[in-house]
Amino acid sequence: MFSSISSFRQISIILSLFLCASVLIYCSKSSSEKPDSQSKKTSQKAKKDTPELADAMGQLQYYTHKYALALDAKNHELASFYFHEVRAAADGIKKNIPGYEGYDIARFMKLFLDPTIQPVEDALANKNWEAARKRTIDMVNACNSCHNATSHGFVQITPGFDNNPYNQDFSAPE
Ligand code: HEC
């Protein structure tokens, strides 16, 4: 009886030692992985905090094109909605990506694009479709002028009137 208790004790000591050892090994393993996963996390976070200019430009292009299609269809409500998004996307770039590859993006945006925005908005507000169309072409020219000025002249934007690749009907309600 006595000896079986002591051997039970021995076994439980051995078992708890084994448990401690495996906990220690597990902990040291996960702490050695930590610096790596930590740095991965920070670089992911950095990426999230500083958005890619190309992604933001893609968004600007997307709304510009949808705006142009709504304008082409003389759909005032839809065109106004998308132009608001164009403006917001441009403002977002100035605010969130003020510099890129050594270029003062915020300054270039203000210099090239900003002066072309209000004329579009005014023409649109007056439902002056002809003027809105002309001012939109001016705006798209400004996109391309800035691409030239920032060594991205190979990114050629067009208004994209009458060229609908979307699964969306832009026509104005009757
Ligand atoms: C600051 C000047 C500037 C202005 C203004 C500007 N862009 Fe850009 N754009 C750039 C730069 C710089 C790049 C390259 C970004 C990169 O290398 O990541 C770019 C890239 C792009 C791209 C390529 C990314 C893609 O998704 O295919 C598109 C499209 C684009 N711009 C559309 C536009 C449109 C549309 C406008 C006008 C409404 C515009 N841009 C106005 C500077 C500008």
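What counts and what doesn't
Residues numbered from 1 in each chain as written. Predicted model: local features only at pLDDT ≥ 70, side-chain atom pairs only at ≥ 80, totals over all residues. Heavy atoms only, no water. Donors = N, O, S within 2.8 Å, 3.2 Å for Na, K, Ca; no water. Tetrahedral: all angles 85-135°; square planar, octahedral: opposite > 155°, others 65-115°. Helix = DSSP H or I, 4+ residues; strand = E, 2+ residues; numbered from the N terminus. Buried < 20%, exposed > 50% of the residue type's maximum accessible area, 1.4 Å probe, protein only. Salt bridge = Lys/Arg side-chain N within 4 Å of Asp/Glu carboxyl O. pLDDT = per-residue confidence, 0-100. Contact = heavy atoms within 4.5 Å. Core = buried A, V, L, I, M, F, W, Y, C linked by side-chain atoms within 4.5 Å. 1 Å grid on protein atoms, 1.4 Å probe; cavity = no way out; pocket = protein on both sides within 12 Å on 5 of 7 lines; lining within 4 Å. Points joined across faces, edges and corners; volume = space filled by probe spheres on them. Near = heavy atom within 4 Å. Polar contact = N/O pair within 3.5 Å; in protein donor to acceptor, adjacent residues only side chain to side chain. Sits in = over half its atoms within 2 Å of the grid points. Nonpolar A, V, L, I, M, F, W, Y, C, P; charged D, E, K, R; others polar. Phe/Tyr/Trp six-rings, centres within 6.5 Å; stacked < 30°, edge-to-face > 60°. Lys NZ or Arg CZ within 6 Å of the ring centre and 35° of its normal.

Per an unreviewed UniProt entry, the chain carries the name Cytochrome C and comes from Fodinibius salinus.

Asks: Hey, could you run me through the coordination of the iron atom of the ligand in this one?
Replies: Ideal geometry at a metal gives 109.5 degrees between four tetrahedral donors and either 90 or 180 degrees between six octahedral ones. Coordination of the iron atom of the ligand by the protein involves Met57 (SD) and His147 (NE2), with metal-donor separations of 2.0 to 2.3 Å. Coordination at the iron atom of the ligand is octahedral: its six donor atoms span angles of 85 to 179 degrees at the metal. Of this pair, methionine 57 sits in helix H2 (residues 53-72) while histidine 147 sits in helix H5 (residues 129-149), placing them 90 residues apart in sequence. Judged by its relative accessible area of 25%, methionine 57 falls in the partly exposed class.

Asks: What is the right way to read the pattern of salt bridges from this model?
Replies: Between side chains of opposite charge, a pair can form as their charged atoms come close. Under the defined criterion, the tally for this structure stands at five salt bridges. Here arginine 133 makes a salt bridge to aspartate 72, at a shortest N to O gap of 2.6 Å. Taken together, the positions of arginine 133 in helix H5 and aspartate 72 in helix H2 put the pair 61 residues apart, joining distant regions of the chain. Residue arginine 133 is classed as partly exposed on the basis of its relative accessible area of 29%. Overall, aspartate 72 belongs to the partly exposed group, its relative accessible area being 26%. Connected via shared salt-bridge partners are Asp91, Lys94 and Asp114.

Asks: Before we go on, may I ask you to explain the confidence of the model for the chain in this structure?
Replies: Detail in the predicted coordinates should be disregarded across regions flagged by low pLDDT. Taken as a whole, the chain shows an average pLDDT of 85; of its residues, 74% reach a score of 70 or greater. Long-range and interchain partners of residues 30-46, a stretch whose pLDDT sits below 50, account for zero contacts in this model, where long-range means more than four residues apart.

Asks: Where do I start with the nonpolar core in this structure?
Replies: Counting 35 residues, the largest nonpolar core has Tyr67, Phe83 and Leu113 as the members making the most contacts within it. Mapped onto this core, the elements with two or more residues apiece are H2, helix H3 (76-96), helix H4 (105-125) and H5. Sort the elements by how many residues they give to this core and H2 lands first, with nine residues. Apart from residues lying up to four places away in sequence, leucine 113 is in contact with Leu60, Ala90, Phe108, Met139, Ala142 and Cys143.

Asks: Explanation requested: the layout of surface pockets in the structure shown.
Replies: Empty space left among the atoms is revealed by rolling a probe the size of a water molecule over them. Here the largest pocket is characterised by a volume of approximately 460 Å³. Lining of the largest pocket is provided by 22 residues; of these, Leu53, Met57, His147, His152 and Val155 occupy positions nearest its centre. At the level of elements, H2, H4 and H5 are the ones that each hand at least two residues to the lining of the largest pocket. At seven residues, H2 tops the list of elements feeding residues into the lining of the largest pocket.

Asks: Explain the environment of proline 159 to me, please; I cannot follow it from the model alone.
Replies: Within the secondary structure, proline 159 is located in the segment after H5. Taking the C-alpha atoms as reference points, proline 159 and threonine 136, separated by 23 residues in sequence, lie 7.3 Å from one another.

Asks: What am I meant to see in the site of the ligand here?
Replies: Met57, Tyr100, Cys143, Cys146 and His147 are the nearest of the 19 residues found near the ligand. Between the ligand and tyrosine 100, the relevant distance is 2.9 Å, taken from an oxygen atom to a side-chain nitrogen or oxygen of the residue. Counting atoms within 2 Å of the grid points, the majority share of the ligand lands in the largest pocket. Only H2, H4 and H5 provide two or more residues apiece to the shell around the ligand. Residue composition of the shell around the ligand, by class: 13 nonpolar, six polar and no charged.

Asks: Where do I start with the packing of aromatic side chains in this structure?
Replies: Both the distance between ring centres and the angle between the ring planes are used here to describe each pair of aromatic rings. Going through the model one piece at a time under the given rule, you end up with nine aromatic pairs. The interplanar angle of 65 degrees and the centroid separation of 5.2 Å between the aromatic rings of tyrosine 62 and tyrosine 63 together place this pair among those described as edge-to-face. Taking relative accessible area as the criterion, tyrosine 63 reaches 18% and is therefore assigned buried. Measuring from centroid to centroid gives 5.9 Å for phenylalanine 108 and phenylalanine 112, while their planes differ by 15 degrees, and the two rings are stacked. With phenylalanine 108 and phenylalanine 112 both in helix H4, this residue pair falls four residues apart, about one helical turn. Taking relative accessible area as the criterion, phenylalanine 108 reaches 16% and is therefore assigned buried. By relative accessible area, which is 24% here, phenylalanine 112 ends up partly exposed. Members of the aromatic cluster, each reached through a chain of ring pairs, are Tyr62, Tyr63, Phe81, Tyr82, Tyr166 and Phe170. Arginine 107 extends its terminal NZ or CZ atom over the ring of phenylalanine 108, reaching a point 5.9 Å from the ring centre. Sitting over the face of the ring of phenylalanine 161, arginine 133 holds its NZ or CZ atom 4.0 Å from the ring centroid.

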